[in-house]
Amino acid sequence: MRAPLRLLAVALIACTQTAYAAEYTAGYRVSVDGEHDDNVRLVEQNAQSISGASIAPGLKLGYRTADVTATLDTRLNFATYDESAYDSNDQRLQFDVSKTTPRNEFGLQAGMNRDSTRTSELEDTGRVSDEATRHEDYWFSPRWLTYIGKRDALQFGASAHDVSYDSRSYIDYTTGQGDITWLHILTPRTTLKLQAYFNRYEADNLLSTETDSTGLMAGGDYEVSKNLKLSGLVGISNVESNYDVPQGFPFVVNDSSDDVWVADTTLEYTQPRWKMALNLASQTFPSGDGYVQKRDYGRLSYSFRITDMATLRLAALYGQNESVDERANVNRDYADGEAGLDWRINRSWYLTARYRYRFQDYETSPGDADSSAVFFGIRYEPTTKRWSR
């Protein structure tokens, strides 16, 4: 009997070690691209075209146990153009960690994005300027989900952003948000949600603008089938802006208060060879113009695996921006459409080609602007390495 007992003990120890083993992952990629844009500033008159090349290395590290998951994603981009004013070196770093217990889920995200107005402003101010002006965004976002019954849970979230520009043509700002969401599992496929939130926006401008947004949204998630998922929230937000008018300022600027309808809906559909995601939303966002914007937009992404070696990718965005405080007319329409092809040469090497079209129209301008850009590149992306301890 001793031999079977010893074998059983060895098996139990092995299972215990396996259950608590930590898995580590490491993946990296390097891409080299060439591009041409016939209107980099996306302006109506005096369009400026640029041609150039970029190299973009990336590294993603991961750690996972039975109850903890952590990732560190680093992306760099070094670009040079025939118009040297648009040369840039960009960095993006994002850290995510989560921990689960039988009745709780904890998470934290922190990161930084240092790019330029050449890439950061399409959905915000729409102004690229005549050089690659540095844009920096640092953020921090904790969350906590706790189950309060078999079918109910509460989720608490917070976030903070510190955004700055290396130019007085844009407004630096900070934001802080807190939210609480009640979730009720109505059926295995349906979850109802009720969310309340508060957001503060502080602009570093002459009027020291402070805007508080308080909102309430209701909706839920619905899994129609294994392939089709729907989610949505609809509600109302009260936006109050306060202005600290300096002594001797030549204009009278009164505080404002507005109620705006807000919504955020998503549809996701997947098939073995293709997948699609559609996002329709109307939300308030901070802006480098020095005001809180209301953005109505639709975003579509689609990918289709033509063969085992080739994948077609399509993306489209259309948006309308306006200042919640109607006295500031920064209203505009804009669009972005992309079509690209990834061709896998072997397990690690890819050829890429992409066409992009952009458009924008300011309400205060008599005309509109558009641009076309083409990108060609090669990417090295070996299989992610995995090991356990």
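Residues numbered from 1 in each chain as written. Predicted model: local features only at pLDDT ≥ 70, side-chain atom pairs only at ≥ 80, totals over all residues. Heavy atoms only, no water.

### A short note on the environment of N205
Looking at the secondary structure, you find N205 in the loop between β9 (190-203) and β10 (210-223). Excluding its chain neighbours within four sequence positions, the residues that come into contact with N205 are I171 and G290. Within polar-contact distance, the side chain of N205 engages the backbone nitrogen of S208 at 2.8 Å. (Helix = DSSP H or I, 4+ residues; strand = E, 2+ residues; numbered from the N terminus. Contact = heavy atoms within 4.5 Å. Polar contact = N/O pair within 3.5 Å; in protein donor to acceptor, adjacent residues only side chain to side chain.)

### A look at the nonpolar core
In this structure, Y201, M217, V260, V262 and V324 are the most contacted members of the largest nonpolar core, which totals 15 residues. Looking at this core element by element, the count peaks at 3 residues for β9. If we skip the residues at most four places from it in the chain, V262 touches Y197, M217, L233, V234, G235, I236, S237, S282 and Q283. (Core = buried A, V, L, I, M, F, W, Y, C linked by side-chain atoms within 4.5 Å. Buried < 20%, exposed > 50% of the residue type's maximum accessible area, 1.4 Å probe, protein only.)

### Details of the side chain of T209
With respect to the helices, strands and loops of the structure, T209 is situated in the loop between β9 and β10. A polar side-chain atom of T209 sits 3.1 Å from a polar atom in the side chain of N205. Once residues within four sequence positions are removed from consideration, T209 is found in contact with Y201, E202, A203, N242, Y243 and G290.

### Some remarks on the environment of D259
Tracing the backbone shows D259 in strand β12 (residues 256-270). Taking the relative accessible area as the measure of exposure, D259 reaches 56% and is therefore exposed. As for D259 and V239, which are separated by 20 residues in sequence, their C-alpha atoms are 6.2 Å apart. Contacts of D259, omitting those with residues within four sequence positions, involve I236, S237 and N238. Among the polar contacts listed, one links the side chain of D259 to the side chain of N238, at a separation of 2.8 Å.

### What to know about the pattern of salt bridges
This structure, assessed with the given rule, holds 21 salt bridges. D67 is paired through a salt bridge with K99; the nearest N and O atoms lie 2.8 Å apart. Taken together, the residues span a long stretch of sequence, with D67 in the loop between β2 (50-64) and β3 (68-81) and K99 in strand β4 (residues 88-101) at a distance of 32 residues. A residue is classified by how much of its surface remains accessible, and K99, at 36% relative accessible area, is partly exposed. A salt bridge links K193 to D221; its shortest N-O distance comes to 3.1 Å. (Salt bridge = Lys/Arg side-chain N within 4 Å of Asp/Glu carboxyl O.)

### Concerning a negative patch on the surface
Taken together, the side chains of D38, E44, D368 and D370 make up a negatively charged region of the molecular surface. Topologically, E44 is positioned in the loop between β1 (23-37) and β2. (Patch = residues over 30% accessible without salt bridge, like charges linked within 9 Å, V, L, I, M, F, W, Y side chains within 5 Å. Areas by Shrake-Rupley, 256 points an atom, 1.4 Å probe, with all protein chains shown as cover. Lys, Arg positive; Asp, Glu negative; His and termini not counted. Charge placed at Lys NZ, Arg CZ, Asp CG, Glu CD.)

### Some remarks on the confidence of the model for the protein
Across the protein, the average pLDDT comes to 93, with 95% of residues at 70 or higher. Considering only residues more than four positions removed or in separate chains, one finds that residues 1-19, a stretch of pLDDT under 50, has 1 contact. (pLDDT = per-residue confidence, 0-100.)

### Quick look at the packing of aromatic side chains
What the rule picks out here adds up to 11 aromatic pairs. Here W144 and F156 contribute two aromatic rings whose centre-to-centre distance is 5.2 Å and whose plane-to-plane angle is 25°, an arrangement assigned as stacked. One end of the pair, W144, is in strand β6 (residues 134-147); the other, F156, is in strand β7 (residues 152-165), with 12 residues separating them in the sequence. Aromatic pair Y165 and Y170: ring centres 4.7 Å apart, planes at 15°, arrangement stacked. Given the relative accessible area of 8%, Y165 is considered buried. The exposure class assigned to Y170 is buried, which follows from its relative accessible area of 4%. Aromatic ring contacts, followed pair by pair, group Y24, Y63 and W387 into a single cluster. Looking at R354, its charged tip hangs above the ring of F375, at a distance of 4.0 Å from the centre. Cation over ring: R379 sits above Y350, and NZ or CZ is 4.4 Å from the ring centre. (Phe/Tyr/Trp six-rings, centres within 6.5 Å; stacked < 30°, edge-to-face > 60°. Lys NZ or Arg CZ within 6 Å of the ring centre and 35° of its normal.)

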